[in-house]
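Inside the fold
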Amino acid sequence: MRLLVFFDLPVDTAAQKKSYRVFRKWLIGEGYLMLQQSVYAKLVVNEGAAGAAVMRLRKHRPPEGLVQVLRVTERQYATMDYIVGNRNAYDEVDTMEEFMVL
């Protein structure tokens, strides 16, 4: 299962810019991979892990702006069409292959 996080945060003031940077760094630290500038994805093993990740997102949400989460299965994620560009240019280690939970 994948969690897709979409966000649109204001960056008009210095405080808003800092909030944006802190949230983005937190996402990366949590294992989210950037798909586009304000779209990040994370691979989770099951619905329970997805729920826990969403709760952590709620806890670390920025004070302003819009943050949305979409849960999709691996099968749905694999059907993504690339209109411009290709997957290889943005390939990261993001498969369940050789995934180990400790």
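Residues numbered from 1 in each chain as written. Predicted model: local features only at pLDDT ≥ 70, side-chain atom pairs only at ≥ 80, totals over all residues. Heavy atoms only, no water.

It is worth spelling out the UniProt feature "binding site: Mg(2+)" (unreviewed entry) in the chain at this point. UniProt's entry tags Asp8 with the feature "binding site: Mg(2+)" (unreviewed entry), counted in the numbering of this structure. Here Asp8 is to be found in strand E1 (residues 2-8). (UniProt positions renumbered as here; feature names shortened; annotations may be inferred. Helix = DSSP H or I, 4+ residues; strand = E, 2+ residues; numbered from the N terminus.)

Here we come to the nonpolar core. If you look at the biggest cluster of nonpolar residues, it comprises 15 residues, and the most contacted ones within it are Leu3, Phe7, Phe23, Leu27, Tyr32 and Leu57. Looking at this core, the elements with two or more residues in it are E1, helix H1 (14-29) and helix H2 (47-59). Here Phe7 is in contact with Tyr20, Phe23, Leu27, Gln37, Ser38, Tyr40, Leu66 and Val67, once residues within four sequence places are set aside. (Core = buried A, V, L, I, M, F, W, Y, C linked by side-chain atoms within 4.5 Å. Buried < 20%, exposed > 50% of the residue type's maximum accessible area, 1.4 Å probe, protein only. Contact = heavy atoms within 4.5 Å.)

This model, assessed by the stated rule, comprises 4 aromatic pairs. Taken together, a centroid distance of 5.4 Å and an interplanar angle of 90° make the contact between Phe7 and Phe23 edge-to-face. Pair noted here: Phe7 is in strand E1 and Phe23 is in helix H1, with a separation of 16 residues, a long-range link. Seen in terms of ring centroids, Phe23 and Trp26 are 6.4 Å apart; in terms of plane orientation they differ by 20°. Their pairing is stacked. Of the two residues, Phe23 and Trp26 both sit in helix H1, 3 residues apart, roughly one turn of that helix. A relative accessible area of 16% means that Trp26 is categorised as buried. (Phe/Tyr/Trp six-rings, centres within 6.5 Å; stacked < 30°, edge-to-face > 60°.)

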